[in-house]
Amino acid sequence: MRYAVIILCLWLAGSLGAAEQFVPFVIPARPNPDSLIGFRPEPIKGESDRLVVRSAHFYRGDERIRLWGVNLSFGANLPTHADAEQVAARLAAAGVNTVRLHHLDTSRYPRGWWTAKDGKTIEPEAFDKLDYFIDQLAKNGIYVNLNLHVGRAHSEYLDLPKSNTSYDKIINIFTPALVEAQKDLAREVLSRVNMYRNTTYADDPAIAIVEITNENSLFMWDADEKLRSLPVYYADILQKQYNGWLVRRYGSTARLGGEWSKQAEALGENLLKNGDWTGARSAAGVPAGWNLEQHSGCKAEAALTNYQGRAALELKPVALNGTDWHLQFNQGGFAVNENRYYTVSFSAAAGAPRSVTCNVSMAHEPWSNLGLSRRIDLTGQWQQFRLGFTAKAGDANVRVSFVLGGDKASVCLADVRLRPGGLEGLGGGERIEDASVRLYSETETPQRIADRMRFLAETEKTYFDDMRIYVKDRLGSKSLVTGTIVFGPLGLYGQSDMDFVDAHAYWQHPRFPGRPWDAGNWLIDQKPMTDHPAEAALFRLACERLAGKPFTVTEYNHPAPLDSQAECVPMIASFAAAQDWDGVWLYTYSHGTDDWDRDRSNSFFDVDSNPAKWGFMPAAAAIFRMGGVPALNHLTAAGLVDGADVADSLVALHNRYDRNMFGVLTGKAELEWKDLLTTQVASRLSSRSMKGIVSAGPPVRLRWDVDADKNGMYAVIAGGAEVFTGHAGRFGDASSGRIVVDAPDFAAVTMTALDAVALNRSKKILVTACGRCENTGMQFSEDRRTVGRNWGSGPVRIEAVSARIAVPAGRWTCRALAPDGTPQADVPVNNATIPATIQLSPHYKTMWYLLTPLQ
């Protein structure tokens, strides 16, 4: 009876208003050795500790190992010696066994390793700090992933022409001088002797991974646009390489022209109405059949004019809001057929130099692009544009749009047409003998497109293979080497001979409507991934895995201040474990050099002072590293190759799906996202697909669904761990009544065995629970999509969970833990019921509850 009264009182305490659900929870920067949930590391000492690949996974000696960790960014890579000891110890205590040293090469000291004076050499003090930090990490059992290129623009220091890309991305893949600069830096870093470790970086088992270049590919997000507009110096280098490749492939211009012209096609009838502006107009001056789309206060004026002796429609933006697509001029209502080629042609000029984007997309939800999205640069002089594309899908209601919201300069348009056909092969005057064949032509035959894509794919693969060989063979590095993340089928091809394959993903990455990375002007949609499984980043990641290679995710986050950010760590840890991935790194532990003791969440990504992320790290280590969630027993590996030629097959897939590997696998293996809850998935660079049992281990059950009210629930139930993220009303059903959450509306709850056994045999079970996470005084906009610069102050607070939880069979004691992992209160356990239960409550001011056997 006494227990019932206590539980009732706590239930009432847990039912207080939302304001009283928030409690301070500042996890200290200095780990407490008396913590009851701290991990005990195994130091990395010698050759037997070296990370190797065996049977498509990572091994340390004879034991399989998974890497669970964080990134360190900019100055966080270079702590003082005293801070290095504390940071390494804190990481290890939380269950981290790897860090990724990211953006070391971007800035001058102390935010990076380049000398503050001229940025040309590595600062000796930076090297010393890095040496010591690596030694401390190794002593705490933490492997290092060393990034060679992230933000360095070698072109600037070689006095090369300015690129149109950031950080020399794209151009450093094919420009010889930039490739040599990357090799020079690799040699300087990997040949360095770490006096604290008495070994070179190349030979140090603690430096387990070397990454060649971050998020860099000829197929990356904006690569097509950047390659089309390369500065002359870089364009000439690439064109000469392309023509050399064409010579080797075709031998002569005559043969090349014959192949490229086989599918040439004349232009058909115009699908647009009134593109010469001769028809009727609305009272606002908009030509009949056309629409001036204006959102969120954006405005423009339309009028017929005579510009430089030519009849034109002039569009004058008069009010903008920083979001380009909020102002556009378009026409819809026509149809396109899948895989049919179309040509958009028009003439354009501007009142001042500016850019405009021309799109062809669905004229209805989900507004998907159908093959054309091209930014064009306008001047004060008329230019004629001819843009070709192959429709990615057929649709009966399609629109062509001109996106105008990026600039107030007026735009003049004339003779706008969209017609089927227009395919052209070799252009007049193009000859491979004098290297005059352009990399891009506006309306290309499929064979010309395929040859360009194959050339780019082979160029990229040659770069990565050469860099890997240089690092491992010429420099003698014993580290595992990866190139960059996967960018679609051809990006996967480029990484296929690396030691492992890598990927990145973010859920609801911040958007910047105005200036990029403007700290005062950003938005994050309050959209839990749990509520949107069909859009989930996890399924895309899973499809970027290559069978026969270890697979990692070296950047992942659900950024602050998402109300649902507590779902981030439990979801990625449990899903990665079920899919049998080999490493996960959250982005990022910290960006700072000397702000280790802050008591507030200070940015979108830093997790070190964010308890909604850092507070789940011990549970996640048990889930992922220690096998609390086992791998799914089945594997579906989709063969991507049709016929004998790998590259040609991947070119066809890339042209169809672009970078969407989820689309590739759903097409090739007939998968839906729900299937990834019951089978591991991967791609194979062969014609043979494989399905079958790959493990006879213990079962794991994944559930992910959304109810009629659009409230989602993600649940993983396994022998050593249980994971739940979602809405309060869904917990009871998902857990078969074992967890009943009263508040808050959305929460993440995990139950994990910290002694690497099943929950029903464990003697140390950690329950972790959290709703929202906010700083004190954080000022949200009315729609909660931004706080601007008003991040508030310390202490950071969690929305504590009120819930009744049934615990595994046995007699238990439960203690609520303080932020340093030590006991701060006893929690009553109703051992008289079967099963026994505990009551989580804001009264305890914690997110951690530790269960141990009753003595």
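Numbering of residues starts from 1 in each chain and follows the order in which that chain's sequence is written. Since the coordinates come from a predicted model, pLDDT governs what is reported: local features require at least 70, and pairs of side-chain atoms require 80 or more to be given and counted, while whole-chain, interface and lining totals use all residues. The side-chain quantities take in all heavy atoms of the structure and omit both hydrogens and water.

**Student:** Describe the overall build of the protein chain, and please don't skip the residues or the numbers.
**Tutor:** Helix and strand counts for the protein chain come out as 19 helices and 41 strands. At 29 Å, the protein chain has a C-alpha radius of gyration in line with the 29 Å of a compact globule built from 855 residues. Projected onto its principal axes, the C-alpha coordinates of the protein chain cover approximately 90 × 65 × 55 Å. For the protein chain, the proportion of its 855 residues judged to be buried stands at 59%. Only heavy atoms matter for contacts: two residues are in contact if any of them lie within 4.5 Å across the pair. Taking all contacts inside the protein chain whose residues are at least 6 apart in sequence as the whole, residues at least 24 apart take part in 74%. Exposure was quantified through the Shrake-Rupley algorithm and a 1.4 Å probe, taking into account, for residues, occlusion by the shown protein chains and nothing else. Entry remark: accessible area of the protein chain is about 32,100 Å², with carbon and sulfur atoms responsible for 50%. In this count, Lys and Arg are taken as positive residues and Asp and Glu as negative ones, while His and the chain termini are left out. Charged groups are reduced to one reference atom each: NZ for lysine, CZ for arginine, CG for aspartic acid, CD for glutamic acid. The averaged location of the 96 negative side-chain charges in the protein chain is 1 Å from the averaged location of its 90 positive side-chain charges. In DSSP terms, a helix is any run of H or I states spanning at least four residues, a strand is any run of E spanning at least two, and both are numbered starting from the N terminus. Both definitions apply: the radius of gyration is a C-alpha atom measure, and the globule rule equals 2.2 Å times residues to the power 0.38. Only protein chains enter the accessibility calculation, which uses a 1.4 Å probe; a residue is then buried when its area is under 20% of its type maximum, exposed when over 50%, and partly exposed in between.

**Student:** Break down the sheet that holds strand 34 (residues 773–776) for me, citing the residues and quoting the values.
**Tutor:** By way of backbone hydrogen bonds, the strands of a sheet pair with one another, either parallel or antiparallel. Spatial ordering of the open sheet is given by 1-35-34, a layout of three strands whose pairing is antiparallel. A strand with exactly one partner marks an edge of an open sheet, and here the two such strands are strand 1 (22–24) and strand 34. Going from strand to strand, the sheet's axes swing by 40° on average, the running direction of each strand aside. Should DSSP find at least two bridges between two strands, the strands are regarded as paired. Summarising the sheet, strand 34 and strand 35 (residues 793–799) pair through three bridges and their orientation is antiparallel. Paired with E774 across the bridge in strand 35 is R797. Axis definition: a line fitted to C-alpha atoms, limited for helices to the stretch in contact. Angles are taken between N-to-C directions and run from 0 to 180 degrees.

**Student:** Any details on the packing of aromatic side chains? Residues and values, ideally.
**Tutor:** To pair, rings of Phe, Tyr and Trp, with the six-membered ring standing in for Trp, must have centres within 6.5 Å; the planes then decide the type, stacked if under 30 degrees apart, edge-to-face if over 60, and tilted in the middle. Considering all chains together, one arrives at 41 aromatic pairs under this definition. These aromatic residues form a ring-pair network of at least three members: Y506, F512, W517, W522, Y587, F604, F605 and W791. Our definition puts a charge over a ring when NZ of Lys or CZ of Arg is within 6 Å of the ring centre and also within 35 degrees of the ring normal. Positioned above the aromatic ring of W382 is the side chain of R310, whose terminal nitrogen or guanidinium carbon lies 5.1 Å from the ring centre. Above the plane of the ring of F780 lies R784, whose end atom (NZ or CZ) is 3.9 Å from the centre.

**Student:** Hey, could you go over the sheet that holds strand 25 (residues 634–639) for me, with residue numbers and the actual values?
**Tutor:** Pairing in this open sheet of three strands is mixed, and the strands run 26-25-27 from one edge to the other. If you trace the sheet from one side to the other, it starts and ends with strand 26 (680–684) and strand 27 (690–693), each paired once. Strand-to-strand twist across the sheet, computed as the mean angle between neighbouring axes with direction ignored, equals 15°. Running over the sheet, helix 18 (residues 661–668) touches strand 25 and strand 26 and is turned about 90° from strand 26.

**Student:** Account for the pairing of strand 22 (residues 501–506), with residues named and values stated.
**Tutor:** Strand 22 sits mainly inside the fold: five of its six residues count as buried. In this sheet, strand 23 (residues 551–557) lies alongside strand 22 in parallel orientation, the contact comprising six bridges. Within strand 23, the residue paired with D502 across the bridge is T552. With helix 13 (residues 537–542) bridging strand 22 and the parallel strand 23, this β-α-β connection has right-handed handedness. Every crossover in which the path from the first strand over the helix to the second runs clockwise, viewed with the strands pointing away from the viewer, is termed right-handed.

**Student:** Can you break down the pattern of salt bridges residue by residue, with the values?
**Tutor:** Each salt bridge in this description consists of a side-chain nitrogen of Lys or Arg and a carboxyl oxygen of Asp or Glu lying within 4 Å of one another. Under the counting rule described, the total for this entry stands at 62 salt bridges. In this structure, the salt-bridge partner of E225 is R375, at a minimum N-O distance of 3.5 Å. Of this pair, E225 sits in helix 8 (residues 223–228) while R375 is found in strand 17 (residues 369–378), placing the two residues 150 residues apart along the sequence. Of the residues examined, E225 reaches a relative accessible area of 28% and is grouped as partly exposed.

**Student:** Talk me through the environment of V210; I want residue IDs and the actual numbers.
**Tutor:** Along the chain, V210 turns up in strand 10 (residues 207–211). In this structure V210 comes out as buried when scored by relative accessible area, which is 0%. If we ignore the near neighbours within four places in the chain, the residues touching V210 are L146, L148, L190, V471, S477, S479, L480, V481 and T482.

**Student:** Report on the packing of helix 9 (residues 232–250) against helix 11 (residues 446–474), specifying residues and quantitative values.
**Tutor:** The description of two helices packed together rests on the angle between their axes and the distance between the axes. Two numbers describe how helix 9 lies on helix 11: the axes approach to 11 Å, and their chain directions differ by 110°. One way to sum up the angle between helix 9 and helix 11 is to call them roughly perpendicular. Facing L238, Q241, Y242, W245, R249 and Y250 of helix 9, the residues of helix 11 in contact are Q447, R448, D451, R452, R454, F455, L456, E458 and T459. Its residues assigned to classes, the contact of helix 9 with helix 11 shows six nonpolar, three polar and six charged. Oblique is the label for every angle not falling under 35 degrees (roughly parallel), over 145 degrees (roughly antiparallel), or within 65 to 115 degrees (roughly perpendicular). Only Asp, Glu, Lys and Arg are considered charged, only Ala, Val, Leu, Ile, Met, Phe, Trp, Tyr, Cys and Pro nonpolar, and every remaining residue, Gly among them, polar.

**Student:** Explain unusual backbone geometry to me, and be specific about the residues and the numbers.
**Tutor:** Note the cis peptide between A560 and P561, where omega equals 5°. Mapped onto the secondary structure, P561 falls in the loop between strand 23 and helix 14 (568–578). For the peptide bond that leads from A743 to P744, omega is 0°, which places it in the cis range. In this fold, P744 is placed in the loop between strand 31 (739–743) and strand 32 (746–753). The phi angle at H103 is positive, at roughly 65°, despite the residue not being glycine. Take H103: it is sitting in the loop between strand 6 (98–102) and helix 4 (124–139). In the Ramachandran plot, D658 falls in the positive-phi region, its phi being about 55° despite a non-glycine side chain. In this structure, D658 sits in the loop between helix 17 (646–657) and helix 18. Look at D658 and you get partly exposed, because its relative accessible area is 26%.

**Student:** Residue-level account of the side chain of K549, with values.
**Tutor:** If you trace the backbone, K549 turns up in the loop between helix 13 and strand 23. Look at K549: it is buried, it has no salt bridge, and the nearest opposite charge is D497 at 5.1 Å. Pairs of N or O atoms within 3.5 Å make up the polar contacts considered here, provided that, within protein, one atom can donate a hydrogen while the other can accept it, and that residues adjacent in sequence are counted only when both atoms are side-chain atoms. At 2.7 Å, the side chain of K549 forms a polar contact with the backbone oxygen of M498. Contacts of K549, omitting those with residues within four sequence positions, involve A56, S496, D497, M498, D499 and V501.

**Student:** Which residues make up the confidence of the model for the protein chain, and what are the values?
**Tutor:** Confidence along the protein chain averages 95 in pLDDT terms, with 98% of residues attaining 70 or more. Predictor confidence is given residue by residue as pLDDT, running from a minimum of 0 to a maximum of 100. The low-confidence segment residues 1–17, where pLDDT is below 50, has 20 contacts with residues more than four positions distant or belonging to other chains.

**Student:** Tell me about the nonpolar core, residues and numbers included.
**Tutor:** Throughout this description, the term nonpolar core refers to a set of buried Ala, Val, Leu, Ile, Met, Phe, Trp, Tyr and Cys residues connected via side-chain atoms within 4.5 Å. If you look at the biggest cluster of nonpolar residues, it comprises 193 residues, and the most contacted ones within it are W68, L91, V99, Y556, W614 and W704. Per-element accounting of this core gives the leading share, eleven residues, to helix 11. Excluding anything up to four places from it in sequence, V99 contacts V70, L72, L91, L137, I142, Y143, V144, N145 and W585. Core analysis: the second largest hydrophobic core is formed by 39 residues, W277, A348, F385 and V398 among them.

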